[in-house]
Amino acid sequence: LKQRLFYSLGFLIVLMYFSMGHMMWGFPVPSALENNHIAMGLIQLLLTGAVMVINQKFFISGFKSLFHRAPNMDTLVALGSAAAFVYSTYALFAMTDAQLAGDAQAVMRYMHEFYFESAAMILTLITVGKMLEARSKGKTTDALKGLMKISPKTAVVVRDGTECTVGI
């Protein structure tokens, strides 16, 4: 889980740099990508795909439980990130078509309809939550084992007016 989180965060940071860094924080965009919106979209698609592959357990578990008509949290995560990814992929193809048609206004409109970073962010944040949950479960288990170690092995019982020691 830690390894999944580590790699997911790495790809997510790069994805956020390319998707929002230049707009929100004024980070420089490589000169080859300056006005190449299709390349920016493809980079975002590939980075999001990497995060989705790293966190494929959500999709496997989520869609299995959906097909068994017993959806769980993984189903919600899988559907949410898959929807963002599929819609963004559609927007990328529509933007490419608009670019070929020479419609700059449509290119900009479709470029603002990318939600690749949302798909990757959902998966990464849920991985953080699962890791924290596993960590707290481990600590709780350790605490219970510690309590069991210090519990007495015998008890004093009064039977027929006399005390006797018996095993727990």
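Now for a look at the structure at hand. All residue numbers refer to positions counted from 1 along the written sequence of the respective chain. Side-chain atom pairs in this predicted model are given and counted only at pLDDT of 80 or more, local residue features only at pLDDT of at least 70, and totals for whole chains, interfaces and linings cover all residues. To get the side-chain values, take all heavy atoms of the structure and skip hydrogens and water.

**So, the overall build of the chain**
- Only DSSP runs of H or I with at least four residues qualify as helices, and only runs of E with at least two residues qualify as strands; both kinds are numbered from the N terminus onward. Per the secondary structure count, the chain includes six helices and two strands.
- Scanning the chain from its N terminus toward the C terminus, one meets helices and strands in the order α-α-α-α-α-α-β-β.
- Radius of gyration here is computed from C-alpha atoms only, and the compact-globule reference equals 2.2 Å multiplied by the residue count raised to the power 0.38. Against the globule reference of 15 Å for 168 residues, the chain gives a C-alpha radius of gyration of 26 Å, more extended than a compact globule.
- Along the longest, intermediate and shortest principal axes, the C-alpha atoms of the chain span 100 × 40 × 20 Å.
- Residue burial in the chain is summarised as follows: out of 168 residues, 33% are buried.
- Residues count as neighbours in contact if any of their non-hydrogen atoms are within 4.5 Å of one another. By sequence separation, contacts in the chain at least 24 residues apart represent 62% of the contacts at least 6 residues apart.
- Using a 1.4 Å probe, the Shrake-Rupley method yields the accessible areas, and only the shown protein chains count as cover for residues. In the structure as shown, the chain presents an accessible area of about 10900 Å², 67% of it carried by carbon and sulfur atoms.
- Counting rule applied: Lys, Arg positive; Asp, Glu negative; His and chain ends not counted. Note on charges: their place is set at NZ of Lys, CZ of Arg, CG of Asp or CD of Glu. Seen as two clouds, the 14 positive and the 10 negative side-chain charges of the chain have centres 13 Å apart. Any residue under 20% of the maximum accessible area for its type is buried, any over 50% is exposed, and the rest in between are partly exposed; the area is computed with a 1.4 Å probe on protein chains only.

**Thoughts on the packing of helix α2 (residues 37-54) against helix α6 (residues 116-150)**
- Only C-alpha atoms enter the line fits that serve as axes; for helices the fit covers just the stretch in contact. Angles between N-to-C directions range over 0 to 180 degrees. It is the contact of α2 with α6, at a shortest axis distance of 9 Å, that shows an interaxial angle of 20°. The angle between α2 and α6 falls in the class roughly parallel. Considering how the two elements wind past one another, α2 and α6 form a crossing that is left-handed. For the pair formed by α2 and α6, the contact residues are G41, Q44, L45, T48, V51 and M52 on the first element and F116, E117, A119, A120, L123 and T124 on the second.
- Taken together, the residues of the contact of α2 with α6 sort by class into seven nonpolar, four polar and one charged. Convention used here: angles under 35 degrees read as roughly parallel, angles over 145 as roughly antiparallel, angles from 65 to 115 as roughly perpendicular, and any remaining angle as oblique. Take the far helix as the reference: if the near one is turned anticlockwise from it by less than a right angle, the crossing is left-handed, and if turned clockwise, right-handed. Polar here means any residue other than Ala, Val, Leu, Ile, Met, Phe, Trp, Tyr, Cys and Pro, which are nonpolar, and Asp, Glu, Lys and Arg, which are charged; Gly is therefore polar.

**Considerations on the packing of aromatic side chains**
- Only rings of Phe, Tyr and Trp enter the pairing, Trp through its six-membered ring, and a pair is recorded when the two centres are within 6.5 Å. The plane angle decides the type: under 30 degrees is stacked, over 60 is edge-to-face, the rest tilted. Across all of its chains, the model carries seven aromatic pairs by this definition.
- For the pair Y87 and Y115, a centre-to-centre distance of 6.1 Å together with 40° between the ring planes defines the contact as tilted. On the criterion of sequence distance, the pair formed by Y87 in helix α4 (residues 73-101) and Y115 in the loop between α5 (104-111) and α6 is long-range, its members being 28 residues apart.
- A relative accessible area of 36% means that Y115 is categorised as partly exposed.

**Quick look at the environment of F67**
- Within the secondary structure, F67 is located in helix α3 (residues 56-67).
- Residues F67 and F114 lie 47 residues apart in sequence; the distance between their C-alpha atoms is 29 Å.

**Section: the layout of surface pockets**
- With a 1 Å grid spanning the protein atoms alone, the term cavity applies to any set of points in which a 1.4 Å probe fits but cannot get out, the term pocket to an open set with protein on both sides within 12 Å along at least five of seven lines, and the term lining residue to any residue with an atom within 4 Å of a point. Grid points are joined across faces, edges and corners, and a volume is the space filled by probe spheres set on the points. Of the voids in this model, the largest pocket is the one considered here, and its volume is about 260 Å³.
- Lining of the largest pocket is provided by 16 residues; of these, S19, H22, M23, Q44 and M111 occupy positions nearest its centre.
- Where the lining of the largest pocket is concerned, the elements lending two or more residues are α1 (2-25) and α2.
- The leading source of residues in the lining of the largest pocket is α1, at five residues.
- Grouping the amino acids of the lining of the largest pocket by side-chain chemistry returns eight nonpolar, six polar and two charged.

Interpretation note: all reported values are geometric properties and have no functional meaning in isolation.
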